[in-house]
Amino acid sequence: MRPVLLLTLLLSSACATGVALAQQGSNWIDPPAKSDKPSTGSERAKPAAKPAERTEAEAASGSASRRTTAAPARRQARRHDRSHAAESRRTRRAERRERARELSSARTARSYRPALPATAPVARAEPDPRFSDWAVAAQRLSLDYLASVSAPNGAMLAAAPRFYDNRVVFYGRPLSVGALMAEKQRFAQRWPERRYEAQGAPQVACDGPSATCVVRTVHDFTAISPARGARSRGVAELILTVSFAGGRPVIVSETSRVLSRGA
């Protein structure tokens, strides 16, 4: 046994020595033995791919989160639009109902005719029996007055006072008979030749409470002044207010207006 063990030891030593010499000659170093622990190189680079995977996952998660957030907003917007549309429809229906009520009220108002209250029959006022006499007297006074104006100056001025009351409204001015005669005299001197002629019967309207009649007489007139070489002609309306308060008809107001003028 001892020679075998010795031989074995010698062979082992020789092998170890040869291997060492071979390594020294080629500068070659045996690779390390395999190990369960991770080494350097490509195996260490493998975990670097994990951040990219996390980034994609985060992106997917963010996109899903945005979709999750946007969905309620869209639903809320749709609900708001539907609510606004419904409110608009309700408003239009209310407006249509209001217009229909207004039209119905207008038709009812047009068709409604309230019954007139019963009133006692009004007795027809009988005309004052004095009016006919007054009207005749007022017409006669007006025609006589025009005739007197057509008379020569002396006759006109002598007849004038009997036509008037003590106080007269002459063309809007209240005058006494004396002041009125002064006006008449100036008129006669300005137009010494005069002709006044009525066109038809005078129109008369009488009033019982005041015992007066208003007489309107349309007449032609011509006035000439030889000294001045002047001439005036045309159509005028004489308006007299005749009072019967004192029994005798007298003029209490006088005015006139020119309707047209001739050559």
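Below is a short write-up of the structure. Here the structure is a predicted model, which means the values were calculated and not measured.

**Notes on the pattern of salt bridges**
Part 1 of the reasoning: On inspection of all chains with the given rule, the structure shows seven salt bridges.
Part 2 of the reasoning: Note that Arg 173 and Glu 183 form a salt bridge whose closest N and O atoms lie 3.1 Å from each other. With Arg 173 in strand β2 (residues 173–176) and Glu 183 in helix α6 (residues 177–190), this residue pair connects regions lying ten residues apart in the sequence.
Part 3 of the reasoning: Among the ionic pairs, Glu 237 bridges to Arg 216, the shortest N-O distance being 3.7 Å. Pair noted here: Glu 237 is in strand β6 (residues 230–243) and Arg 216 is in strand β5 (residues 212–225), with a separation of 21 residues, a long-range link.
Part 4 of the reasoning: Overall, the relative accessible area of 8% leaves Glu 237 in the buried class.
Part 5 of the reasoning: Linked by salt bridges that have partners in common, Arg 173, Glu 183 and Arg 186 make up one network.

**Re the side chain of Arg 194**
Part 1 of the reasoning: Looking at where Arg 194 falls in the secondary structure, it is placed in strand β3 (residues 193–198).
Part 2 of the reasoning: For the buried Arg 194, which has no salt bridge, the nearest side chain bearing the opposite charge is Glu 193, at an N-O separation of 9.0 Å.
Part 3 of the reasoning: Polar contacts involving the side chain of Arg 194 include one to the main-chain carbonyl oxygen of Val 149, which spans 2.9 Å.
Part 4 of the reasoning: Among the polar contacts made by the side chain of Arg 194, one reaches the side chain of Asn 153 at a distance of 2.7 Å.
Part 5 of the reasoning: If we skip the residues at most four places from it in the chain, Arg 194 touches Val 149, Ser 150, Ala 151, Pro 152, Asn 153, Met 156, Phe 187, Ala 188 and Thr 222.

Cut-off values and rules
- Residues numbered from 1 in each chain as written.
- Predicted model: local features only at pLDDT ≥ 70, side-chain atom pairs only at ≥ 80, totals over all residues.
- Heavy atoms only, no water.
- Salt bridge = Lys/Arg side-chain N within 4 Å of Asp/Glu carboxyl O.
- Helix = DSSP H or I, 4+ residues; strand = E, 2+ residues; numbered from the N terminus.
- Buried < 20%, exposed > 50% of the residue type's maximum accessible area, 1.4 Å probe, protein only.
- Lys, Arg positive; Asp, Glu negative; His and termini not counted.
- Polar contact = N/O pair within 3.5 Å; in protein donor to acceptor, adjacent residues only side chain to side chain.
- Contact = heavy atoms within 4.5 Å.

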